[in-house]
2 protein chains.
Amino acid sequence: MYIIVVYDVSVERVNRVKKFLRQHLHWVQNSVFEGEVTLAEFERIKAGIGELIDGDEDSVVIYKLRSMPKREVMGVEKNPIEDII
Amino acid sequence: MYIIVVYDVSVERVNRVKKFLRQHLHWVQNSVFEGEVTLAEFERIKAGIGELIDGDEDSVVIYKLRSMPKREVMGVEKNPIEDII
């Protein structure tokens, strides 16, 4: 499965979330990561996020897709996805 | 088509981008919007973003999907998608 993770996490916790996601996914921009994952990896990522965020304050949305989606990039491409293909 | 728009736009321009996207899409979180659009709307959104951002500094990624993707929300749901369905 292919996932896109977007997060809105308080400044005290955001670096740990970013560092964790960087170990598993491709950083796209700002607070957006994406990547192909197995179901086991997906569960591990969810569990890891769950440990790092404050569920009363922070918000994380994980979009679950079948495969890497088409995209259009406008302006600067911060971290071209082609680099990982 | 269903699009997810994520942006990383300098503070001088971000409010105009947000205001523009709010007219066309559903605000999800932080700098993320999404929604079902026609091809004509998609082109209008792209053109509008192109006018508002600085292509040398800002970055916008538009994911193009066939339909609304599955999602998992962790923590606070800032703006529940169910509200617009």
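Residue positions are counted from 1 within each chain, in the order its sequence is given. Chains and ligands are labelled by the order in which they are written, letters from A for the one and numbers from 1 for the other. Two thresholds apply to this predicted model, a pLDDT of at least 70 for residue-level local features and 80 or more for giving and counting side-chain atom pairs, whereas whole-chain, interface and lining totals are computed over all residues. The basis for every side-chain value is the complete set of non-hydrogen atoms in the structure, without hydrogens or water.

**Some remarks on the sheet that holds strand β1 (residues 2-8) of chain B**
Judged by pairing direction, the sheet is antiparallel, and its five strands sit side by side in the order β5(A)-β4(B)-β1(B)-β3(B)-β2(B) without closing on themselves. A single partner strand is all that each edge strand has here, and the edge strands are β5 (70-75) of chain A together with β2 (26-29) of chain B. Across the sheet, the mean angle from the axis of one strand to that of its neighbour is 20°, orientation sign disregarded. Two strands form a pair only when DSSP identifies at least two bridges running between them. Counting from the N terminus, the helices are DSSP H or I runs at least four residues long and the strands are E runs at least two residues long. Strand direction decides the pairing type here: β2(B) and strand β3 (residues 32-36) of chain B, joined by three bridges, are antiparallel. The residue bridging B:His26 from the neighbouring strand is B:Glu34, located in β3(B). Contacting β1, β2 and β3 of chain B, helix α1 (residues 11-22) of chain B crosses the sheet at an angle of about 170° to β1(B). To get an axis, a line is fitted to the C-alpha atoms, and for a helix only the part in contact is used. The angle between two axes follows their N-to-C directions and goes from 0 to 180 degrees. Contact definition: two residues touch when any of their heavy atoms are within 4.5 Å.

**Brief notes about the packing of helix α1 (residues 11-22) of chain A against helix α2 (residues 39-52) of chain A**
Residue and element names in this part refer to chain A. Running from N to C, α1 and α2 cross one another at 165°; their axes reach a closest spacing of 10 Å. What the angle tells us is that α1 and α2 run roughly antiparallel. Crossing of α1 over α2 shows right-handed handedness. Side by side, α1 and α2 meet where Arg 13, Arg 16, Val 17, Phe 20 and Leu 21 of the first sit next to Arg 44, Ile 45, Gly 48, Ile 49 and Leu 52 of the second. Under this grouping Gly is polar, as are all residues other than the nonpolar Ala, Val, Leu, Ile, Met, Phe, Trp, Tyr, Cys and Pro and the charged Asp, Glu, Lys and Arg. Looking at the contact of α1 with α2 residue by residue, the class counts come to six nonpolar, one polar and three charged. Roughly parallel here means an angle under 35 degrees, roughly antiparallel means over 145, roughly perpendicular means 65 to 115, and every remaining angle is called oblique. In a left-handed crossing the near helix is turned counterclockwise from the far helix by less than a right angle, and in a right-handed crossing that turn is clockwise.

**Describing the relation of the copies chain A and chain B**
For these two chains of identical sequence, chain A goes onto chain B by a turn of 180° and a shift of 0.0 Å along the axis, with RMSD 0.0 Å. This pairing of chains is accounted for by a two-fold axis. Taken as a fraction of all interface residues of chain A, those also at the interface in chain B reach 100%, which identifies the copy contact as same-surface. A least-squares fit on C-alpha atoms brings the copies together, and the residues used are those whose pLDDT is at least 70 in both copies.

**Some details on the side chain of B:Glu34**
All names here are of chain B. Positionally, Glu 34 belongs in strand β3. Side chain to side chain, Glu 34 and Tyr 2 meet in a polar contact 2.3 Å long. Side-chain atoms alone can form a polar contact between residues adjacent in sequence; in general such a contact is a pair of N or O atoms within 3.5 Å, and within protein one must be able to donate a hydrogen while the other accepts it. Among the polar contacts made by the side chain of Glu 34, one reaches the side chain of Arg 71 at a distance of 2.8 Å.

**A word on the UniProt feature "binding site: Mg(2+)" in chain A**
The positions UniProt marks with the feature "binding site: Mg(2+)" are A:Asp8. Of note, A:Asp8 is situated in strand β1 (residues 2-8). UniProt positions are given in the numbering used here, feature names are shortened, and annotations may be inferred rather than shown by experiment.

**Notes on the side chain of B:Ser10**
Residue and element names in this part refer to chain B. Residue position: Ser 10 is located in the loop between β1 and α1. A distance of 2.4 Å separates polar atoms of two side chains, one belonging to Ser 10 and the other to Glu 12. In contact with Ser 10, other than residues within four places in its own chain, are Glu 57 and Asp 58.

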